[in-house]
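Working through the structure, step by step
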Amino acid sequence: MFENLAFSSVTEFLQMGKYTFHVWSVYGLFAVFLTVNLYLPRAAHRQFIREQKRRALRAAQSGQPVEADEGRSDANGGE
Amino acid sequence: MWQWFFRLGSPKWFYELSGRWLPWLVVAMTVLLTIGIVWALLFVPQDYQQGDTIRIMYVHVPVASISLACFPLMAVAGVITLVWKMKLADMVAKCAAPIGAWFTAVALATGAIWGQPIWGTWWAWDARLTSMLIQFFLLIGVIALRSAIESPDAAARACALLSVVGAINVPIIKYSVEWWNTLHQPASSFSMAEDSPFGPEIWVPLVIMICAVYLFFVISLILSTRTEILIRERRSQWVVDLVAADKTQGA
């Protein structure tokens, strides 16, 4: 398997011929892209649960029904 | 058949089903992504003309080709929204637009970084590049349209219509490299022959990366759609119960 490696040393691998910037910036951008698009929807999910819990708690304290949750905007909810 | 179709339209059903599927999809994506990236970075031989920039292909091609899936998906969801007024279809369409914009932007950026050493320019007003840029602006347009319209139903209908119209751009992007004489190269044809310039040692990791990035698209779309479902269904009993049953974080 290792005889098929395209590089003979770690330095050579990190240099990527004369295209160090090009190759690594593309893979770096790809990593950021993956992380952001997996993290943001999960964070939004957690935030929704947190908010609803807080609302439920407030409603329970004031004796109001849970359904009274006017004021939360739907905008940007998908992210 | 129709019963199945309408059951699929139930946000609660989708939420539960996707919750069961997600861990498996994430495992499959992680495995494929790891194999694909290690293969692309370490084992793919240097190209005799492009040198190591060939490795950029394993990010650029999957991201660019999957960005083309976004508008057809939104157009189908749009037709379902317009004809059957299925709530879930509009939620999927709403969540697909920003993800599609990300895919298109990353495809354009990685293309520019690849183009600079190979073509000697970051950008050219070439048919493929320009039609991709139009796709990006159309997606931004869909997102802006939705946030500009107050009524959710009217926003859903307007976005559905714009998605159907915007999908016309997809075959233009796809065939731009054949219809016009462009700087961007046409799609390469796969070959099984070992000595071919585009033999298995080049395209097998590419296919793996395409599958991995497809899974990533599906996973991020499912994740955003699940949150959107909870937000829109927050008054229904099942969401209230779900929030109450959640033990992971305090109020």
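The coordinates are above.
Residues numbered from 1 in each chain as written. Chains lettered and ligands numbered in written order. Predicted model: local features only at pLDDT ≥ 70, side-chain atom pairs only at ≥ 80, totals over all residues.

Check the secondary structure of chain B and you find 9 helices and 0 strands. The burial tally for chain B puts 41% of its 251 residues in the buried class. Considering only intrachain contacts with a sequence separation of at least 6, the fraction spanning at least 24 residues in chain B is 75%. (Helix = DSSP H or I, 4+ residues; strand = E, 2+ residues; numbered from the N terminus. Buried ≥ 20, exposed ≤ 12 C-beta atoms within 10 Å, placed from the backbone. Contact = placed C-beta atoms within 7 Å.)

Moving on, we come to the packing of helix H2 (residues 11-43) of chain B against helix H8 (residues 200-232) of chain B. Residues and elements named next belong to chain B. At a minimum axis distance of 8 Å, the contact between H2 and H8 shows a crossing angle of 150 degrees. In terms of axis orientation, H2 runs roughly antiparallel to H8. In the crossing of H2 with H8, the sense of the turn from one axis to the other is left-handed. Partitioning the contact of H2 with H8 into residue classes produces 24 nonpolar, 2 polar and 1 charged. (Axes fitted to C-alpha atoms, helices over the stretch in contact; angles between N-to-C directions. Parallel < 35°, antiparallel > 145°, perpendicular 65-115°, else oblique. Left-handed = near helix turned anticlockwise from the far one by under 90°. Nonpolar A, V, L, I, M, F, W, Y, C, P; charged D, E, K, R; others polar.)

This paragraph deals with the interface of chain B and chain A. Taken residue by residue, the interface counts 43 residues in chain B and 38 residues in chain A. Elements represented by at least two residues in the side of chain B that touches chain A include exactly H2, helix H4 (87-119), H8 and helix H9 (237-245) of chain B. Taken together, the residues of the side of chain B that touches chain A break down into 24 nonpolar, 10 polar and 9 charged.

This brings us to helix H6 (residues 152-166) of chain B. Taking 1.5 Å of rise per residue, 15 residues should cover 21 Å, and H6 of chain B covers 20 Å from first to last C-alpha, within 8% of that figure. When we look at burial in H6 of chain B, the residues that qualify are Ala-156, Cys-159, Ala-160, Leu-162, Ser-163 and Gly-166 of chain B. (Expected span 1.5 Å × (residues − 1).)

The tendency in soluble globular proteins is for nonpolar side chains to be buried side by side. Grouped together as the largest cluster of nonpolar side chains are 75 residues, with contacts concentrated most on Val-63, Met-74, Val-92, Ala-93, Ala-96, Phe-103 and Ala-212 of chain B. For this core, the secondary structure elements donating two or more residues are helix H2 (20-62) of chain A together with H2, helix H3 (57-84), H4, helix H5 (127-148), H6, H8 and H9 of chain B. The element contributing the most residues to this core is H4 of chain B, with 17 residues. (Core = buried A, V, L, I, M, F, W, Y, C linked by C-beta atoms within 7 Å.)

Okay, the packing of H5 of chain B against helix H7 (residues 169-179) of chain B next. All names here are of chain B. Following both chains from N to C, one finds H5 and H7 inclined at 160 degrees, their axes separated by 8 Å at the closest point. With respect to their mutual orientation, H5 and H7 come out roughly antiparallel. Crossing of H5 against H7: the hand is left-handed. Listed contacts from H7 to Ala-127, Arg-128, Ser-131, Met-132, Ile-134, Gln-135 and Leu-138 of H5 are Asn-169, Ile-172, Ile-173, Ser-176 and Val-177. Tallied by class, the residues present in the contact of H5 with H7 amount to 7 nonpolar, 4 polar and 1 charged.

Honestly, it's all geometry; don't read function into it.
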